[in-house]
Amino acid sequence: MTNKIKSITVAVVGIIVLFATTFTLMWYSNGFESFRGLYITVNGKTVKSEMTLPKDSKTRIEVNRASIKRGGFDYSVRIKPNIENDFEYTVNGEPRKFSEAGELTKAFKIELHDGYFEIACGSDDYGVKKVLETLHKNQAVELPNDFEPSKFYYNLTITGNKRTVSLPFRIHVSVTGIEITPPEIIVQ
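This is a predicted model, so every value here is computed, not measured.

Some words on unusual backbone geometry
Point 1. Residues other than glycine seldom take positive phi values, yet Asn92 does so here, at roughly 50°.
Point 2. Mapped onto the elements, Asn92 comes out in the loop between strand E6 (88-91) and strand E7 (94-97).
Point 3. Its relative accessible area of 52% is what places Asn92 among the exposed residues.

A few points about the sheet that holds strand E8 (residues 109-113)
Point 1. The strand order across the open sheet built from 5 strands is E2-E1-E4-E9-E8, with neighbouring strands paired in antiparallel fashion. The sheet is open, and its two edges are formed by strand E2 (45-47) and E8, each paired on a single side. Recorded for the sheet is a direction-independent mean angle of 30° between the axes of neighbouring strands.
Point 2. Where E8 meets strand E9 (residues 116-121), 5 bridges bridge the pair, whose relative direction is antiparallel. Across the sheet, Leu112 pairs through a bridge with Phe117, a residue of E9.

Rules used throughout
Residues numbered from 1 in each chain as written. Predicted model: local features only at pLDDT ≥ 70, side-chain atom pairs only at ≥ 80, totals over all residues. Heavy atoms only, no water. Helix = DSSP H or I, 4+ residues; strand = E, 2+ residues; numbered from the N terminus. Buried < 20%, exposed > 50% of the residue type's maximum accessible area, 1.4 Å probe, protein only. Pairing = 2+ DSSP bridges. Axes fitted to C-alpha atoms, helices over the stretch in contact; angles between N-to-C directions.

The values are spatial; any link to function lies outside them.
Spelled out as structure tokens, the structure:
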């Protein structure tokens, strides 16, 4: 009977150790997500597909990997055009393609820290037109008439720990009013 109790005790302890190990690995690797690469969190939530940053604020974006210790590794942040939402614009009347604009990072205010970075999104500083004007050294930039500001025009790429994560993002744009000109509306 004593051998049976020892066997059951060893089996129970083994199962507890197995669950504890699995739980620990899941806790520190974001459900094994980070074993496949880096992952980022915004306001405590993991972002996996796309991201909308609030206008008029500074957003803290944490860069994570599988480790008990957060941060502690070198990483870089780049912003480029999201080629899925390509459009043509003009610079001093000369047509250009947004997908060919190159790296947009220098048009954004990004502060890198250990384990996280911050993007400051001012009131009108990060609209697509303002970003293009910054890149083209304040030359006259015109967007197409059918331009939709709610699309994900930017692509954020974070590289570090020999891994890369890339996802589309946009700056939240809210409608503050609608003006109809002329003031008369004729419905037929």
